[in-house]
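Observations on the three-dimensional arrangement
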Amino acid sequence: MKPKDLRTELLPVWCTGCGDFGVLKGLTQALSDLEIAPEKLAVISGIGCSSRLPGYVKAYSFNTIHGRALPIASGLKTARPELTTVVVGGDGDGFSIGLGHLPHAIRRDINLTYIVMDNGIYGLTKGQASPTTELESKRTRGLAGGDEQPLNPVLLVLSAGCGFVARTHAGNMPHMREMMKQAIEYPGFSFVHVLAGCVTYQPRNYSDQLLQRSYELPAEYDKSDLGAAITAVRDGRFALGVIYKRPLEEVAATAGATADEDWTPPDAVLKQDLPTE
Ligand code: SF4
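Here the structure is a predicted model, which means the values were calculated and not measured.

1. Here's the deal with helix 7 (residues 173-185)
- Taking 1.5 Å as the rise per residue, helix 7 with 13 residues should run 18 Å; its terminal C-alpha atoms sit 18 Å apart, in good agreement.
- Turning to helix 7, its buried residues number three or more, namely Met 173, His 175, Met 176, Met 179, Met 180, Gln 182, Ala 183 and Ile 184.

2. Overview of unusual backbone geometry
- A positive phi angle, near 55°, is found at Asp 109, a position not held by glycine.
- Among the structural elements, Asp 109 can be located in the loop between helix 4 (102-108) and strand 4 (112-118).
- Given a relative accessible area of 17%, Asp 109 falls into the buried group.
- A positive phi angle is found at Lys 126, which is not glycine, with a value near 80°.
- Residue placement: Lys 126 occurs in the loop between strand 4 and helix 5 (135-141).
- Judged by relative accessible area, which is 62%, Lys 126 ranks as exposed.

3. Some remarks on the packing of aromatic side chains
- Counted by the stated rule, this structure contains five aromatic pairs.
- Measuring from centroid to centroid gives 6.5 Å for Phe 95 and Phe 191, while their planes differ by 45°, and the two rings are tilted. Linking Phe 95 in helix 3 (residues 91-97) with Phe 191 in strand 6 (residues 190-195), this pair joins segments that are 96 residues apart in sequence. For the pair Phe 95 and Phe 191, one class covers both residues: buried.

4. Brief notes about the sheet that holds strand 5 (residues 164-169)
- If you trace the eight strands from one edge of the open sheet to the other, you get 2-1-3-4-6-5-8-7, paired in mixed fashion. One side of each edge strand has no neighbouring strand; the edge strands of this open sheet are strand 2 (60-63) and strand 7 (214-216). Taken pair by pair, the neighbouring strands of this sheet meet at an average axis angle of 20°, ignoring direction.
- Helix 2 (residues 69-79) contacts strand 1 (41-45), strand 2, strand 3 (84-90) and strand 4 of the sheet and is inclined by roughly 175° relative to strand 3.
- Lying over the sheet, helix 7 contacts strand 3, strand 4, strand 5, strand 6, strand 7 and strand 8 (238-245), oriented at roughly 165° with respect to strand 5.

5. Considering empty space enclosed by the protein
- Summed over the entire model, instances satisfying the criterion amount to one cavity of 30 Å³ or more.
- In this structure, the largest cavity encloses a volume near 50 Å³.
- Counting residues per element, the ones that place at least two in the lining of the largest cavity are helix 2 and helix 3.

6. Some thoughts on the site of the ligand
- Every residue close to the ligand is listed here: Trp 14, Cys 15, Cys 18, Cys 49, Asn 119, Gly 123, Cys 198, Val 199, Thr 200 and Tyr 201.
- Split by residue class, the shell around the ligand holds seven nonpolar, three polar and no charged.

7. A short note on the pairing of strand 1
- For strand 1, the buried fraction is high: five of the five residues fall into the buried class.
- Of the strand pairs in this sheet, strand 1 and strand 3 are connected by five bridges, and their pairing is parallel. Paired with Val 43 across the two strands is Val 86, which belongs to strand 3.
- The pairing of strand 1 with strand 2 spans four bridges and is classified as parallel. The partner of Val 43 across the bridge, within strand 2, is Ser 61.

8. Topic: the layout of surface pockets
- Its volume calculated, the largest pocket comes out at about 340 Å³.
- In terms of lining residues, the largest pocket is bounded by 19 residues, among which Glu 134, Leu 151, Asn 152, Arg 213 and Phe 238 are the most central.
- Contributing elements (two or more residues each) for the lining of the largest pocket: strand 6 and helix 8 (206-212).
- Of the residues in the lining of the largest pocket, the class split is eight nonpolar, five polar and six charged.

9. Let's talk about the nonpolar core
- Ranked by internal contacts, the top residues of the largest apolar core, which has 33 residues, are Val 23, Leu 27, Leu 31, Leu 53, Ile 115, Met 180 and Val 194.
- Elements with a contribution of two residues or more to this core: helix 1 (20-33), strand 1, strand 3, strand 4, strand 5, helix 7 and strand 6.
- By residue number, the principal contributor to this core is helix 7, which donates six residues.
- With residues up to four places along the chain from it excluded, the contact list for Val 23 reads Leu 53, Ile 115, Met 117, Ala 170, Met 176, Met 180 and Val 194.

10. Some remarks on the UniProt feature "domain: Thiamine pyrophosphate enzyme TPP-binding" (unreviewed entry) in the chain
- Following the UniProt record, one finds the feature "domain: Thiamine pyrophosphate enzyme TPP-binding" (unreviewed entry) at residues 47-194.
- The annotated region residues 47-194 carries 35% helix and 20% strand content, and the separation between its end C-alpha atoms amounts to 17 Å.

11. Overview of the environment of Ile 230
- Relative to the helices and strands, Ile 230 is located in helix 9 (residues 226-232).
- A residue is classified by how much of its surface remains accessible, and Ile 230, at 28% relative accessible area, is partly exposed.
- Separated by 76 residues in the primary sequence, Ile 230 and Val 154 place their C-alpha atoms 8.7 Å from one another.

Conventions adopted
Residue positions are given per chain, counted from 1 along the sequence in the order it is written. In view of the model being predicted, local features appear only for residues whose pLDDT reaches at least 70, and side-chain atom pairs are presented and counted only at 80 or more, with totals across whole chains, interfaces and linings using the full set of residues. In computing side-chain values, all of the structure's heavy atoms are included and hydrogens and water are not. Helix and strand assignments come from DSSP, with helices taken as H or I runs of at least 4 residues and strands as E runs of at least 2, each series counted from the N terminus. By this rule the span expected of a helix is its residue count minus one, scaled by 1.5 Å. Categorising residues by exposure relies on relative accessible area from a 1.4 Å probe, with only protein chains included: less than 20% of the type maximum marks a residue as buried, more than 50% marks it as exposed, and the intermediate range marks it as partly exposed. Put simply, two rings from Phe, Tyr or Trp (the six-membered ring, in Trp's case) pair if the centres are within 6.5 Å, and we call them stacked under 30 degrees between planes, edge-to-face over 60, tilted for the rest. Criterion used throughout: strands pair if DSSP finds at least two bridges between them. To get an axis, fit a line to the C-alpha atoms, keeping to the stretch in contact for a helix; angles then go from 0 to 180 degrees between the N-to-C directions. It only takes one pair of heavy atoms within 4.5 Å for two residues to be counted as in contact. Here the term cavity refers to a set of points on a 1 Å grid, laid over the protein atoms alone, in which a 1.4 Å probe fits but cannot get out; the term pocket refers to an open set having protein on both sides within 12 Å along at least five of seven lines, with lining residues being those that place an atom within 4 Å of a point. Grid points are joined across faces, edges and corners, and a volume is the space filled by probe spheres set on the points. A cutoff of 4 Å decides nearness: a residue is near a molecule or strand if any of its heavy atoms lies inside that distance of it. Note on residue categories: nonpolar means Ala, Val, Leu, Ile, Met, Phe, Trp, Tyr, Cys or Pro, charged means Asp, Glu, Lys or Arg, and polar means any other residue, Gly included. For this analysis, a nonpolar core means a set of buried residues of the types Ala, Val, Leu, Ile, Met, Phe, Trp, Tyr and Cys, connected via side-chain atoms within 4.5 Å. UniProt positions are given in the numbering used here, feature names are shortened, and annotations may be inferred rather than shown by experiment.

Written out as structure tokens, the structure reads:
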């Protein structure tokens, strides 16, 4: 199945040049690479510009209420563990009204992939400051909360114990495709932070600025080192790549077996526990 076969007939209503287009493309490419058919896929979102994405992917999809995508996706995955379940949304949806759900989804470690398109603004409601809007931007543009520090979402998910954490840029298609692929393949809760430009409410060169502050993690970077991961996300620049991946042996130990023997991924364990009729 080619990426275009995973698209619905709906045309995206995003502004021309919006970073969300790249994410839609990267996600369908990754799903195509992994040969995930629409009837084996669920895409869930909350509310916001980026939360329109499920309507454009051929899958079981649900555009839920603001900030509630994770609990709804958790319920779905628990009931239908055979479905690859991807949760998508923006920084406003996920890190403000929905933030309380994030650490709990992480600690439950249900096999979901959560992709956040972070453009540092509320796009759908016309450009208010979001939890990740930077101080400089608030002060120079008079946005609300001029002295409030922005949230560091990647540090937050690492602190909460997320087993797979990656960051990419919506303008770098091969990189995004690879990050999404690895996140979906990870047998537990995975988080992908996407730097995505909002061409309407952020300054014209915002996406380029994000790119200039970004760097790809070097080949020798040890993604199983949680300490290195925390250091990498605290220096004010944007490290791109797989920032942290819990070794599968540790994941297996949590599930009570060894990775190379009879370990069953958490979703399959859930499936076995369900009534058979
Ligand atoms: Fe994208 Fe911004 Fe337009 Fe929303 S307002 S569709 S985030 S460019």
